[in-house]
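Spelled out from the first residue to the last, the chains are:
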Amino acid sequence: MYTKQERMMQMTFTKLPKAISAEELLSTPLPPVKWIIPGLLPAGLALFAGPSKAGKSWLTLWLCLQIAQGNPVWNREIEPRTVIYFSLEDTFNRLQNRIFQLIDGRDAPERLILQTECPSIGQGLEEQVESLIHTYCDVGLIVIDTLQKVRVSDGNGGMYANDYKEAGALKKIADKYGICILLIHHLRKQTASDPFDQISGSTGLMGVADTSWVMQRKRMSQTADILLTGRDMDDRTLHLREENCIWTLEDEETAEEREIKAVPDYLWKAAKYIESVGNWQGTASELLAAAGIENAKPNQFTYNMAKYFDKVFEPKNIRYKTHRKNKVRLLNFYGDGGDDDIDITQLSGWGIPERPSPSSPSSLGALEGSKHGRSVATGQPAEKPTGTAPNPCEAAGA
């Protein structure tokens, strides 16, 4: 049975033609994104990939039970829907044992329909899926575990073309009926800088999918991460813990929050120091010393400063210039008020040792005065020190 809200949506929203003007599109009320799991799994084609024997099937079966029963999933309220689960690598005996363990004495949901056999894509699967949608009311999710079990390689075309064609046939059904079809898949053993590049097969699979999940778990570990990306959602990572074959949510972070966590602590400390003293000039080595940072190398600091500048320094309205001459790299930090009148090219003759010492002009005392473009106390340009010739050893730590 459809809910009252869904019946109203069917009556209210207009079915759009295949071609439409931008003006007409913006003037036509459209239904919102239909979520199976709010914020995590929308209607459309979804891909859930993970290592072999990592617990994907246990997690998937638990999700199916929660959705069929209308129980919360990871702090999200769920509207109960009929779920059809093609568990193609299991037997009914195995499914029965797993469900007994997962429901722990509670009633099993009638809305969960289980199948252990089905035809392949292009050989009757699409027709069977549509028949099931018409047979059972309010189907919201169809799971195929695993994708490889319903694939038929005809040898025609390349891998990308075949992946795109097969996944596209299932996406067409998902879009037609406004449901989610979730494909369980495997990861390649080869590592990749982008976890989504580890999904087995070509990029055609992820190209068709509206939503992609990648599970990362070390063998025998009780914790796992699920990375999510999609057309209708913000990228995020779920940190899960397994206990008695049930995965609970420990923490959740968006891609932006994950990037913020990746920022080294010493950058925040350096930004706080620069903010406190105002305009500042000198080498990375001197800045680390002045800010009391001991756990970073100068070249590491300058690299990460550039990498995370928009997240650490820019929100504090801190700008900087950099200039290198005679193997000495100088940094000039200034605020939005402007210190553009300072020509950093004139600073390249300064003799700046690699490491400050009590007797060096680049000691902390000198940093507070002559090494700053302006005096912190007066705001006036400070005198330039006489200095010595540039130190060639500075190159290694600038």
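Everything numeric in this text was worked out from a predicted model, so none of it was measured. (Residues numbered from 1 in each chain as written. Predicted model: local features only at pLDDT ≥ 70, side-chain atom pairs only at ≥ 80, totals over all residues. Heavy atoms only, no water.)

S.K.: Please explain the overall build of the protein chain as it appears in this structure.
M.R.: Secondary structure assignment for the protein chain yields 13 helices and 14 strands. Taking all 398 residues of the protein chain together, the buried fraction comes to 45%. Long-range pairs, those at least 24 residues apart, make up 61% of the contacts in the protein chain between residues at least 6 apart in sequence. (Helix = DSSP H or I, 4+ residues; strand = E, 2+ residues; numbered from the N terminus. Buried < 20%, exposed > 50% of the residue type's maximum accessible area, 1.4 Å probe, protein only. Contact = heavy atoms within 4.5 Å.)

S.K.: Where do I start with the sheet that holds strand β6 (residues 139–145) in this structure?
M.R.: Backbone hydrogen bonds hold the strands of a sheet together, and the pairing may be parallel or antiparallel. Across the sheet, nine strands lie side by side as β5-β4-β6-β7-β3-β8-β9-β10-β11; this open sheet has mixed pairing. Both outer strands of the open sheet, β5 (112–115) and β11 (246–254), are each paired with one neighbouring strand and no more. Recorded for the sheet is a direction-independent mean angle of 20 degrees between the axes of neighbouring strands. Pairing geometry for strand β8 (residues 211–216) and strand β9 (residues 223–230), over six bridges, is antiparallel. Its bridge partner lying in β9, W213 is registered against L228. (Pairing = 2+ DSSP bridges. Axes fitted to C-alpha atoms, helices over the stretch in contact; angles between N-to-C directions.)

S.K.: Would you mind going over the packing of helix α3 (residues 56–69) against helix α4 (residues 92–103) with me for this structure?
M.R.: A packed helix pair is summarised by two numbers, namely the angle formed by the two axes and the spacing between the axes. The contact between α3 and α4 brings their axes to 11 Å, and the two run at 65 degrees. For the pair α3 and α4, the sense of crossing is right-handed. Side by side, α3 and α4 meet where S57, W58, L61, W62 and L65 of the first sit next to L95, R98, I99, Q101, L102 and I103 of the second. Classifying every residue of the contact of α3 with α4 by side-chain character gives eight nonpolar, two polar and one charged. (Left-handed = near helix turned anticlockwise from the far one by under 90°. Nonpolar A, V, L, I, M, F, W, Y, C, P; charged D, E, K, R; others polar.)

S.K.: Help me understand the sheet that holds strand β13 (residues 318–325), please; the structure alone is not making it clear to me.
M.R.: Sheet architecture is open: three strands sit in the order β12-β14-β13, paired in antiparallel fashion. The open sheet has two edge strands, β12 (280–282) and β13, and neither has a second partner. Pairs of neighbouring strands in the sheet enclose a mean axial angle of 10 degrees, with direction left out of account. Of the pairings in the sheet, the one linking β12 to strand β14 (residues 328–335) comprises three bridges and is antiparallel in character. Opposite G282, over in β14, you have L331 as the bridge partner.

S.K.: Can you walk me through the pattern of salt bridges in this structure?
M.R.: Where charged atoms of side chains with opposite charge meet at close range, the side chains can pair. Enumeration according to the criterion identifies 19 salt bridges in this entry. Taking the shortest distance from any N to any O, the salt bridge between D138 and R111 comes out at 3.4 Å. Here R111 lies in the loop between α4 and β5 and D138 lies in the loop between α5 (125–135) and β6, a separation of 27 residues in the sequence. Residue classification places D138 among the buried residues on the basis of a relative accessible area of 9%. Here E259 ties to K311 by a salt bridge, and the two come within 3.1 Å at their closest N and O atoms. Of this pair, E259 sits in helix α8 (residues 255–262) while K311 sits in helix α12 (residues 309–312), and the two are 52 residues apart along the sequence. What emerges from the salt-bridge pattern is a single network uniting E79, R81, R111 and D138. (Salt bridge = Lys/Arg side-chain N within 4 Å of Asp/Glu carboxyl O.)

S.K.: Can you help me understand the side chain of E166 in this one?
M.R.: Relative to the helices and strands, E166 resides in helix α6 (residues 159–177). Polar side-chain contacts of E166 include one of 2.6 Å to the side chain of R151. With sequence-adjacent residues up to four places away left out, E166 is seen in contact with I121, R151 and V152. (Polar contact = N/O pair within 3.5 Å; in protein donor to acceptor, adjacent residues only side chain to side chain.)

S.K.: Looking at this model, I keep getting lost on the packing of α5 against α6. Mind explaining?
M.R.: Where α5 contacts α6, the two axes come as close as 10 Å, and the packing angle between them is 20 degrees. By the angle between their axes, α5 is roughly parallel relative to α6. As for how α5 packs across α6, the hand of that crossing is right-handed. Where α5 approaches α6, its residues L125, E126, V129, E130, I133 and H134 are matched on the opposing element by A169, L170, I173, K176 and Y177. (Parallel < 35°, antiparallel > 145°, perpendicular 65-115°, else oblique.)

S.K.: When you look at a nonpolar patch on the surface in this model, what are you seeing that I'm missing?
M.R.: Together, I20, L25 and L30 line one region of the surface with nonpolar side chains, adding up to about 210 Å² of accessible area. Within the secondary structure, L25 is located in helix α2 (residues 22–26). The class for L25 is partly exposed, based on a relative accessible area of 35%. (Patch = residues over 30% accessible without salt bridge, like charges linked within 9 Å, V, L, I, M, F, W, Y side chains within 5 Å. Areas by Shrake-Rupley, 256 points an atom, 1.4 Å probe, with all protein chains shown as cover.)

S.K.: How do you make sense of the pairing of strand β4 (residues 82–87) when you look at a structure like this?
M.R.: For a regular strand, the rule is simple: side chains alternate between the two faces of the sheet. Across the six residues that make up β4, a large majority, six, are buried. The alternating pattern of β4 places T82, I84 and F86 and V83, Y85 and S87 on opposite faces, both of which are buried. When β4 meets β6, the two strands line up parallel, connected through six bridges. Counterpart to S87 in the pairing with β6 is D145. As defined by bridge partners, β4 adjoins β5 across four bridges and the pair is classed as parallel. The residue bridging Y85 from the neighbouring strand is L114, located in β5.

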